[in-house]
Number of protein chains: 2
Amino acid sequence: MSTSRPTARDVAQRAGVSRSAVSMVMNGTAAGNVSAAAQERIREAARALDYRPDPLGVSLRQQRTGIIGIVTDEIASSPFAGKLISGVNSAAADRGYLSIISDIGQTAFAGPGTVREEHAIRQLIRRRVDALILATNGLRTLRVPKPLLTLPAAMANCRDAEGLLAAFIADEREGAQRATEHLTALGHRRILFIGGGDDEDAIPARLAGYHAAMTTAGLESLPPVSAGWEINDGFTAAQVVLTGTERPTAVFAANDRVATGVLLAAGGLGLRVPQDLSILGFDDQPHLAEATVPGLSTMGLPHFDMGRQAAEHVLNLLDGQESTTNGAMIHCHLTLRESTGPAPAGFNC
Amino acid sequence: MSTSRPTARDVAQRAGVSRSAVSMVMNGTAAGNVSAAAQERIREAARALDYRPDPLGVSLRQQRTGIIGIVTDEIASSPFAGKLISGVNSAAADRGYLSIISDIGQTAFAGPGTVREEHAIRQLIRRRVDALILATNGLRTLRVPKPLLTLPAAMANCRDAEGLLAAFIADEREGAQRATEHLTALGHRRILFIGGGDDEDAIPARLAGYHAAMTTAGLESLPPVSAGWEINDGFTAAQVVLTGTERPTAVFAANDRVATGVLLAAGGLGLRVPQDLSILGFDDQPHLAEATVPGLSTMGLPHFDMGRQAAEHVLNLLDGQESTTNGAMIHCHLTLRESTGPAPAGFNC
DNA sequence: ATGAAAGCGCTAACAG
DNA sequence: CTGTTAGCGCTTTCAT
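Nothing here was measured: the structure is a model prediction, and the numbers come from that model.

Caption draft 1: How the structure looks around the environment of A:E74. Residue and element names in this part refer to chain A. Examined against the element boundaries, E74 turns out to sit in the loop between β1 (67-72) and α5 (81-94). What makes E74 buried here is its relative accessible area of 17%. Between the alpha carbons of E74 and N137 there is a distance of 7.2 Å; along the sequence they are 63 residues apart.

Caption draft 2: Quick peek at the sheet that holds strand β6 (residues 191-194) of chain A. Residues and elements named next belong to chain A. The strand order across the open sheet built from five strands is β6-β7-β8-β9-β11, with neighbouring strands paired in mixed fashion. Of all strands in the sheet, those with a lone pairing partner are β6 and β11 (333-335), marking the two edges. Averaged over all adjacent pairs, the angle separating strand axes in this sheet is 20°, with direction ignored. For β6 and strand β7 (residues 250-253), the ladder comprises four bridges, and the chain directions are parallel. In the strand pairing of β7, I194 is matched with A253. Against the sheet, helix α10 (residues 256-268) contacts β6, β7, β8 (278-283) and β9 (297-300), and its axis sits at roughly 160° relative to β8.

Caption draft 3: A look at the packing of helix α7 (residues 172-185) of chain A against helix α8 (residues 202-216) of chain A. Residue and element names in this part refer to chain A. Here α7 crosses α8 at 40°, and the two axes come no closer than 7 Å. By the angle between their directions, the pair α7 and α8 is classed as oblique. Handedness of the α7/α8 crossing: right-handed. Each of E172, R173, A176, Q177, T180, E181 and T184 in α7 lies in contact with α8, whose residues at this interface are A202, A205, R206, A208, G209, Y210, A212, A213, M214 and T216. When its residues are assigned to classes, the contact of α7 with α8 shows eight nonpolar, five polar and four charged.

Caption draft 4: How the structure looks around the relation of the copies chain A and chain B. The two copies are related by a screw operation: chain A maps onto chain B through 180° of rotation and 0.0 Å of translation along the axis, at an RMSD of 0.0 Å. Viewed as a symmetry operation, the transformation between the two copies matches a two-fold axis. In this assembly, 100% of the residues forming the interface of chain A have copies in chain B that are likewise at the interface, indicating an isologous arrangement.

Caption draft 5: Expanded view of the packing of aromatic side chains. Using the criterion set out here, one finds six aromatic pairs over all chains in the structure. One aromatic cluster in this structure is built from A:F193, A:Y210, A:F252 and A:F282. We note B:R206 situated over the ring of B:F282; from NZ or CZ to the ring centre the distance is 3.9 Å.

Caption draft 6: Representation of the protein's contact with DNA strand D in the model. Among the 25 residues in the neighbourhood of DNA strand D, the closest are listed as A:A8, A:Y51, A:R61, B:S20 and B:S35. Of what DNA strand D places within 4 Å of the protein, 60% of the atoms are sugar or phosphate. A:Q62 is positioned such that a nitrogen or oxygen atom in its side chain is 3.3 Å from a sugar or linking oxygen of DNA strand D. Taking B:S18, its main chain carries an N or O atom lying 3.3 Å from a phosphate oxygen of DNA strand D. Secondary structure elements with two or more residues in the surface near DNA strand D: α2 (19-27) and α4 (55-62) of chain A together with α4 (55-62) of chain B. The dominant element in the surface near DNA strand D, judged by the number of residues it contributes, is α2(A), at five residues. Grouping the amino acids of the surface near DNA strand D by side-chain chemistry returns eight nonpolar, twelve polar and five charged.

The rules behind the values
Residues numbered from 1 in each chain as written. Chains lettered and ligands numbered in written order. Predicted model: local features only at pLDDT ≥ 70, side-chain atom pairs only at ≥ 80, totals over all residues. Heavy atoms only, no water. Helix = DSSP H or I, 4+ residues; strand = E, 2+ residues; numbered from the N terminus. Buried < 20%, exposed > 50% of the residue type's maximum accessible area, 1.4 Å probe, protein only. Pairing = 2+ DSSP bridges. Axes fitted to C-alpha atoms, helices over the stretch in contact; angles between N-to-C directions. Contact = heavy atoms within 4.5 Å. Parallel < 35°, antiparallel > 145°, perpendicular 65-115°, else oblique. Left-handed = near helix turned anticlockwise from the far one by under 90°. Nonpolar A, V, L, I, M, F, W, Y, C, P; charged D, E, K, R; others polar. Least-squares fit on C-alpha atoms with pLDDT ≥ 70 in both. Phe/Tyr/Trp six-rings, centres within 6.5 Å; stacked < 30°, edge-to-face > 60°. Lys NZ or Arg CZ within 6 Å of the ring centre and 35° of its normal. Near = heavy atom within 4 Å. Polar contact = N/O pair within 3.5 Å; in protein donor to acceptor, adjacent residues only side chain to side chain.

Have a look at this one:
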């Protein structure tokens, strides 16, 4: 009695009422069912004993745990997973929910045999999570694992081909377009897109935005350089494309790491940034974009909001509110630092 | 019956036995209590119905949830939290446990008023986690919040001053010593330590290792340059210390980001790495150390193992095994890439 | 307005 | 060897 936590029975005893009365007061169902006097006594007793309903009892009774499951690829090494998860947690905490994360490793959601993710999902369902959120590190289109359709669910930073599940993704096309417009507005005419691979959906979207902005500005798109996602990829590509007189005056990199590689290469090639060359990144990667010299101008992805909105969506479903939305395209945010500036004179074609 | 999952009662009915018999078979307690024939029928029925004991019922009955709580600071932006958490999850999964993460933001564990963390811990305890792991992003010594002492717990990448809790931390001193020895073995005599602030415990430990190695090699330590933790911090510091004829031939950076800043600055100053200057980092930060040009030689911190061993420790406590250890100092791992090489000739003092 | 009783799914002690 | 029973802590009818 002294060591273990108080139960509803203890409170009831102390207040001289039945356990049901306690339950009602704790759940706000006491309206016309418990006398005001009793309510006050119950509240007082609960306070005195520091009583909190045991979530285990509640869960068993209500068949809901107040836990949201998150299934994600490579949380381990991603600089962004944390932001997305924070978004989920933030929305969850606001409504008294907790989250459980299941990390299934980097090769996840890849092949047709989505064994690992189905296992992870089943595991979470077995644990009776109330809802599930599927999140990926980069924008992806994937086949939604069947078990996911058996409970409230949403996708964050990914979507399924069939549109069965609400997807909360960044509007990468629009983001890339706005980013490119930033460069054209600075007078740049030769703007080169560098980086990325074929494994994700992000590149086509970003390229589409790039092309749209170039067309709008009456400029000719340069053939994009597919170069990978890492610093050294940007570095290597830059060695090639930044030489010669026809070199671009601005580089739009597929992400901040590639942009950093270009920045590194520019130094070695004697190009000043941004006076001789403007560099624009993508992602606003923590500890990177704001810390390079000069700091990277970059189009940030709304990881936090993707997580938060996905969580809000499933929580709404849980509250019985019919899906008010079927997903969302969330705006990207442009952060200007020092790596972009006016096009150098004498380069206007 | 068709839509909801099968219960022990369903299995018992199908096998023509009592519910308790089913329970025993599922828990391996059937030894001398259930006839072999019945056991087989039960197993068969369970398989047919795809029966899995409901964790909720088990939890309520046994007063344990099979969930480990992780309380951590700034998972959101840390490149390492994920690795540590993966370590915890890996050990947890091996024994059928799950983990719940509670992120309390970057200012955590700071002041004397540890309100936020106590709240997070209480929240997890309320949810009846079986054990708790306290993890920080960088090595820290902190006051262990009282509620933590009420259940099996361990600390990962941090420790408390009083030694009340088992702490699993990296042997940063030994790591720094070995790292410095790598440089002295290459013939470097002027080795400069750059980076870090005063807010964590890591710097004193790393400096101690540096000094030890220098002394052993019969060299004079250079006054360390306290410069911060980010790329631009390393860049700025390098601008000052890499000029002049008395410049160091090797830099040992407080982390990989600072090392990257030095690398960037070296390029601008016309210093080739590693021919003119060796640069050694700390952390082996994903997406950074292996991706710079040249790749960073770096002393990696065992984040995964810190998480994994902390989890194994609390799981042992849960299994009733008395604490076999009171924590551990885990070895760091040196990864050699291209940023370190022999000391340039003509610089031997 | 109140309390008694049933039961969520499970396990452990005990009687047959 | 087997089945019955009692409860883990809670909510929700249903009588009173």
